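Inside the fold
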Amino acid sequence: MDTTTDEQRFTRVYRETYAAVEAYVRRRIHPDRARDVVAEVFLVAWRRFDEAPVADALPWLYGVARRTLANVHRADQRHVGLTQVLAAQPGRHVEDHAGAVAERLHLAEAFDGLSESDREVLRLALWEELAPKDAARVLGCTSATFQVRLHRARRRLRRRVASTGEAEAPSRGTRATMLPETTGGGRDA
């Protein structure tokens, strides 16, 4: 009567077959990966050891190794396929918007430093895009008076932006939104 436990029997099979299983795997996969595959083979063997033949376990272990290698090769193919799909995707360049945000904050700070009447003139002309005659009607003045106020408000805004120095001043593109050189405002200007 055999009194050896499964653990003792597995340890004996492991010692007797490890070199042969390792050689089998090394001939079929890159040597750097062989040790991990062999470890996986013996892990599967331990989990399914009750299915192993008692007399000669090596052919059975070769079968486990073959299936384990097939799984590794399939995983490698999926990895290569995924890499190719990702490589074929168009590259996206995300620009750093920090400079533009800083410029807009700088311009907003300069805008907030203006008087309420200057801000309202600029809002009507640039944000609401009202024609000078319509903006003048909102303010209760003539079109000519509105255009003078708009010109002065833009000049004061330009000065406030420039007073903080060119290093912090908004770029020409950002300033163009708030500081156009023309004296007219809105759609009809």
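Residues numbered from 1 in each chain as written. Predicted model: local features only at pLDDT ≥ 70, side-chain atom pairs only at ≥ 80, totals over all residues. Heavy atoms only, no water.

**Regarding the overall build of the protein chain**
The secondary structure content of the protein chain amounts to eight helices and zero strands. Looking at the 189 residues of the protein chain, the share that counts as buried comes to 30%. Total accessible area on the protein chain stands at roughly 12800 Å², and carbon and sulfur atoms take up 52% of it. (Helix = DSSP H or I, 4+ residues; strand = E, 2+ residues; numbered from the N terminus. Buried < 20%, exposed > 50% of the residue type's maximum accessible area, 1.4 Å probe, protein only. Areas by Shrake-Rupley, 256 points an atom, 1.4 Å probe, with all protein chains shown as cover.)

**What about the pattern of salt bridges?**
Evaluated as defined, the whole model comprises ten salt bridges. Among the salt bridges present, the one from Asp134 reaches Lys133, with a minimum N-O distance of 3.8 Å. The exposure class of Lys133 is partly exposed, given its relative accessible area of 49%. Taken together, the shared-partner salt bridges connect Glu116, Arg119, Glu120 and Arg123 into one network. (Salt bridge = Lys/Arg side-chain N within 4 Å of Asp/Glu carboxyl O.)

**Description of helix H2 (residues 31-47)**
Helical geometry: 3.6 residues make up each α-helical turn, so side chains three or four residues apart lie on a common side. Between its first and last C-alpha atoms H2 spans 25 Å; for 17 residues at 1.5 Å apiece the expected length is 24 Å, and the two agree. For H2, the set of buried residues is Ala34, Val37, Val38, Val41, Phe42 and Ala45. Relative to the axis of H2, the buried residues are bounded by an arc of 140° and lie together on one face. Counted as exposed and oriented over 90 degrees from the buried face of H2: Asp32, Arg35, Asp36 and Arg47. If you follow the buried residues of H2, they end up packed against helix H1 (6-26) and helix H3 (58-88). (Expected span 1.5 Å × (residues − 1). Arc of directions from axis to C-beta. Contact = heavy atoms within 4.5 Å.)

**Quick word on the side chain of Arg9**
Within the secondary structure, Arg9 sits in helix H1. This buried residue, Arg9, is left without a salt bridge; Asp6 holds the nearest opposite charge, at 4.0 Å. If sequence neighbours within four positions are ignored, Arg9 has contacts with Phe49 and Val54. (Lys, Arg positive; Asp, Glu negative; His and termini not counted.)

**Quick word on the nonpolar core**
Grouped together as the largest cluster of nonpolar side chains are 21 residues, with contacts concentrated most on Val21, Val25, Ile29, Val37 and Leu61. Aside from chain neighbours lying at most four places away, what touches Leu61 is Val13, Thr17, Val21, Val41, Phe42 and Ala45. In this structure, Ala110, Phe111, Leu114 and Leu126 belong to the second largest nonpolar core, which totals 17 residues. (Core = buried A, V, L, I, M, F, W, Y, C linked by side-chain atoms within 4.5 Å.)

**Quick notes on helix H4 (residues 98-112)**
Between the first and last C-alpha of H4 there are 21 Å, a value that for 15 residues agrees with the 21 Å anticipated at 1.5 Å per step. Burial in H4 covers these residues: Glu103, His106, Leu107, Ala110 and Phe111. Looking down the long axis of H4, one finds its buried residues gathered within 140° of arc, a one-sided arrangement. The outward face of H4, more than 90 degrees from its buried face, is lined by the exposed residues Arg104, Leu105, Glu109 and Asp112.

**Structural notes on the packing of helix H5 (residues 116-127) against helix H6 (residues 132-139)**
Between H5 and H6, the shortest axis-to-axis distance is 10 Å and the interhelical angle comes to 140°. For the element pair H5 / H6, the angle class is oblique. The crossing of H5 and H6 is right-handed. Touching Glu120, Val121 and Leu124 of H5 are Ala135, Val138 and Leu139, all from H6. Along the lines of polarity and charge, the residues of the contact of H5 with H6 split into five nonpolar, no polar and one charged. (Axes fitted to C-alpha atoms, helices over the stretch in contact; angles between N-to-C directions. Parallel < 35°, antiparallel > 145°, perpendicular 65-115°, else oblique. Left-handed = near helix turned anticlockwise from the far one by under 90°. Nonpolar A, V, L, I, M, F, W, Y, C, P; charged D, E, K, R; others polar.)

**A short note on the confidence of the model for the protein chain**
The predicted model of the protein chain averages 84 in pLDDT, with 85% of residues at 70 or higher. Within the protein chain, the element-level pLDDT minimum falls on helix H8 (residues 172-178), averaging 49, and the maximum on H2, averaging 94. Low pLDDT, under 50, characterises residues 166-170; the predicted model gives this stretch eight contacts beyond four residues in sequence or across chains. For the stretch residues 172-176, pLDDT sits under 50, and the model shows seven contacts to residues farther than four places along the chain or on other chains. (pLDDT = per-residue confidence, 0-100.)

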